[in-house]
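Secondary and tertiary structure notes
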Amino acid sequence: MTITVADANQISLARPRLWPLAIGLGVYALLLISGDRLLNDPDTLWQVTIGQWIIDLRAVPWTDSYSFTMAGQPWISTQWLAQVAFAASYQLAGWAGPVVMTAAALGGTFYLLARLLGARLNDTATLIFAAAALALTAPHMLARPHVLAMPVMLAWVGALVGAADRRSVPSLWTLPLITLWANLHGGFVFGIALVAPFALDAVLSAERPRRVALLLRWALFGVLALAAGCLTPYSWDSILASRKILSLGEALSRIGEWAPEDFSKIDVLEITLLGGLGLALLRGVTLPPVRILILLGLIHMALSHSRNLELLALLAPLVLAAPLAAQCGVAAPAGRPSSSRGLTAALLALAIGGTLAFATWHSFAPRSLFAPQAAVAELKRLGAKRVFNDYNFGGYLIANGVPTFIDGRTELFGETLVVDHDDAVRLRAPDKLFRLLDAYAVDATLLIPGSPAAKLLDRTEGWQKVYADDLAVIHQRKPGAPPSPAPMVTPPRW
């Protein structure tokens, strides 16, 4: 069979439309096969539990009812819609439901990324960006609300970037995206904040006579976006809630996903940043001033908190795509891409059939490391009411109706309690452990075996070990025991 030049051009033009689908389905299949990994987070348990509470009561929470340390204190769930989705999918298909939903959201995210990039860049550049984004976001690919919000975030920012590239304003039809995002995850505030820099980028790139009118249109769009972000059960409080996360200070560094990046070992982020720097030096890539600021902002956020790696991975390519296409010879082929509806339908049908077959054959389950089933059953048998728990056990306790001392809702507990709890468990300050146990009238502890706090309680008068297995150890306060004295222990050097 002979392929003519016209045929070759047609094949080339078709590829940008087919590549996004192939990339999206590939990511979906990869995550489905490794689906248990998506449940490798203790927060997934309480997300499903709260979602079920919302479904049962047909209301959203306004105060805490899951801990004894903050019971009755104001607390709202800006992730309520994602929690409902997880709970509904769990009701329908067990743990396969949240796994399939999470894998589909991530597959859709990478489909959108490849499609947005494929409109500006050639296949090779699109695949490089998609591969780098996949590697950077892999650690945070978990069954949690931020993942369900990822495709919405990408569609929203894609609309902002596209409008800036055209020296225009996003369509008002994109505003429902920010409303959906606001009900899925609190990160929508960042999406609203991005309106200002992209507006400035569009205005500065436009011809002088158009700048004032364009600025006014962007200003109107920004106001409408802010209003759209308030269309949640919590109204304006959904936006204000982000202040609690940002005000956690030192507490954020104690939580793995919010810790700053560590470059003591070479990792994907370092390779990506060095590769990008090398490309810029080699090819002399230049960016408009505002896009430089946006890119530097994304890098700063990723370096400050590893939780923001996905923002850099997914949004930086959109910021860079148009300048790279113009300067590095990696622009997408000219012409209108074609597509095959039959092939698309066949691939989607194959994905659905494969999902049903795999989910029937494979049983998904959360990681047992975060689910001390036997230990919690023993706590219930003992009648423990006020349990000082390890941070990672909080989700399982909520799911099993045991009030927590602390859990993944860090914004509820605040900087002081989170830091004090971490210091107590690790014995950075041994006296804090006993101060917390007495201040909150704790009658039992649920800790990781071998943890510094558990070892100290083994030797503390007034406390006795009543249960231990490979996952958890329980210490119970002896009846009538006086307040625990601060031990004469020299804090270990960490």
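Described in the following lines is the structure provided in the data block. (Residues numbered from 1 in each chain as written. Predicted model: local features only at pLDDT ≥ 70, side-chain atom pairs only at ≥ 80, totals over all residues. Heavy atoms only, no water.)

**Quick look at the packing of aromatic side chains**
- Applying the stated criterion across every chain yields a total of nine aromatic pairs.
- Ring centres of tryptophan 62 and tyrosine 234 lie 4.8 Å apart, and the angle between their planes is 70°; this geometry places the pair in the edge-to-face category. Separated by 172 residues along the polypeptide, tryptophan 62 in the loop between helix 2 (43-57) and helix 3 (80-93) and tyrosine 234 in the loop between helix 10 (208-229) and helix 11 (237-240) bring together distant segments of the chain.
- Lying over the aromatic face of tryptophan 75, arginine 409 brings its terminal NZ or CZ to 4.9 Å of the ring centre. (Phe/Tyr/Trp six-rings, centres within 6.5 Å; stacked < 30°, edge-to-face > 60°. Helix = DSSP H or I, 4+ residues; strand = E, 2+ residues; numbered from the N terminus. Lys NZ or Arg CZ within 6 Å of the ring centre and 35° of its normal.)

**Examining the side chain of arginine 307**
- Topologically, arginine 307 is positioned in the loop between helix 15 (289-304) and helix 16 (309-327).
- Among the residues examined, arginine 307 registers a relative accessible area of 8% and is labelled buried.
- There is a polar contact of 3.3 Å between the side chain of arginine 307 and the side chain of histidine 146.
- Once you skip the residues sitting within four places of it in the chain, arginine 307 turns out to touch His140, His146, His185, Glu257 and Trp258. (Buried < 20%, exposed > 50% of the residue type's maximum accessible area, 1.4 Å probe, protein only. Polar contact = N/O pair within 3.5 Å; in protein donor to acceptor, adjacent residues only side chain to side chain. Contact = heavy atoms within 4.5 Å.)

**With respect to the pairing of strand 2 (residues 444-447)**
- Along strand 2, one buried face is formed by Ala444 and Leu446 and the opposite face, lined by Thr445 and Leu447, is buried too.
- Both strand 1 (residues 387-389) and strand 2 contribute to a ladder of three bridges, which runs parallel. Pairing of valine 387 across the sheet is with alanine 444, part of strand 2.
- Sheet topology places strand 2 next to strand 4 (residues 473-477); four bridges connect them, and they run antiparallel. Residue leucine 446 lies in a different strand from strand 4, and its bridge partner there is isoleucine 474. (Pairing = 2+ DSSP bridges.)

**Thoughts on the environment of leucine 160**
- Position of leucine 160 relative to the elements: it lies in helix 6 (residues 145-165).
- We classify leucine 160 as buried; its relative accessible area is 0%.
- Residues leucine 160 and leucine 315, 155 residues apart in the sequence, show an inter-C-alpha distance of 11 Å.
- In contact with leucine 160, other than residues within four places in its own chain, are Pro170, Gly191, Leu194, Val195, Phe198, Trp218 and Phe221.

**Re the layout of surface pockets**
- Size it by volume and the largest pocket reaches roughly 1,300 Å³.
- Lining the largest pocket are 50 residues, with His185, Gly186, Gly187, Ile245 and Trp258 sitting closest to its centre.
- Looking at the lining of the largest pocket, the elements that each hand over two or more residues are helix 2, helix 6, helix 8 (188-193), helix 11, helix 12 (242-246), helix 15, helix 16 and helix 20 (410-426).
- Among the residues forming the lining of the largest pocket, the class breakdown is 24 nonpolar, 16 polar and ten charged.
- Reported here for the second largest pocket is a volume of approximately 940 Å³.
- What lines the second largest pocket is a set of 31 residues, among which Phe129, Thr272, Gly276, Leu279 and Leu320 lie closest to the centre.
- Mapped by element, the contributors of at least two residues to the lining of the second largest pocket are helix 5 (123-137), helix 14 (268-283), helix 15 and helix 16.
- The leading source of residues in the lining of the second largest pocket is helix 14, at ten residues.
- A class-by-class count of the residues in the lining of the second largest pocket yields 25 nonpolar, five polar and one charged. (1 Å grid on protein atoms, 1.4 Å probe; cavity = no way out; pocket = protein on both sides within 12 Å on 5 of 7 lines; lining within 4 Å. Points joined across faces, edges and corners; volume = space filled by probe spheres on them. Nonpolar A, V, L, I, M, F, W, Y, C, P; charged D, E, K, R; others polar.)

**Quick look at the sheet that holds strand 2**
- A sheet is described by the order of its strands in space; here four strands give the open sequence 1-2-4-3, paired in mixed fashion. In this open sheet, the two edge strands, each paired with only one partner strand, are strand 1 and strand 3 (463-468). Direction aside, neighbouring strands of the sheet carry axes that sit 20° apart on average.
- Sitting on the sheet, helix 18 (residues 373-382) is in contact with strand 1, strand 2, strand 3 and strand 4, with an inclination near 20° to strand 4. (Axes fitted to C-alpha atoms, helices over the stretch in contact; angles between N-to-C directions.)

**Topic: the pattern of salt bridges**
- Inspection of every chain in the model, using the stated rule, returns 17 salt bridges.
- Note that arginine 144 and aspartate 41 form a salt bridge whose closest N and O atoms lie 3.3 Å from each other. Of this pair, arginine 144 sits in the loop between helix 5 and helix 6 while aspartate 41 is found in the loop between helix 1 (5-33) and helix 2, placing the two residues 103 residues apart along the sequence. Accessibility classification places arginine 144 together with aspartate 41 in one group, the buried group.
- Note that lysine 432 and aspartate 420 form a salt bridge whose closest N and O atoms lie 2.9 Å from each other. Placement of the pair is lysine 432 in helix 21 (residues 430-439) and aspartate 420 in helix 20, with a sequence separation of twelve residues.
- The exposure class assigned to lysine 432 is buried, which follows from its relative accessible area of 16%.
- Taken together, the salt bridges that share partners define one network made up of Asp420, Asp422, Asp423, Arg426, Arg428 and Lys432. (Salt bridge = Lys/Arg side-chain N within 4 Å of Asp/Glu carboxyl O.)

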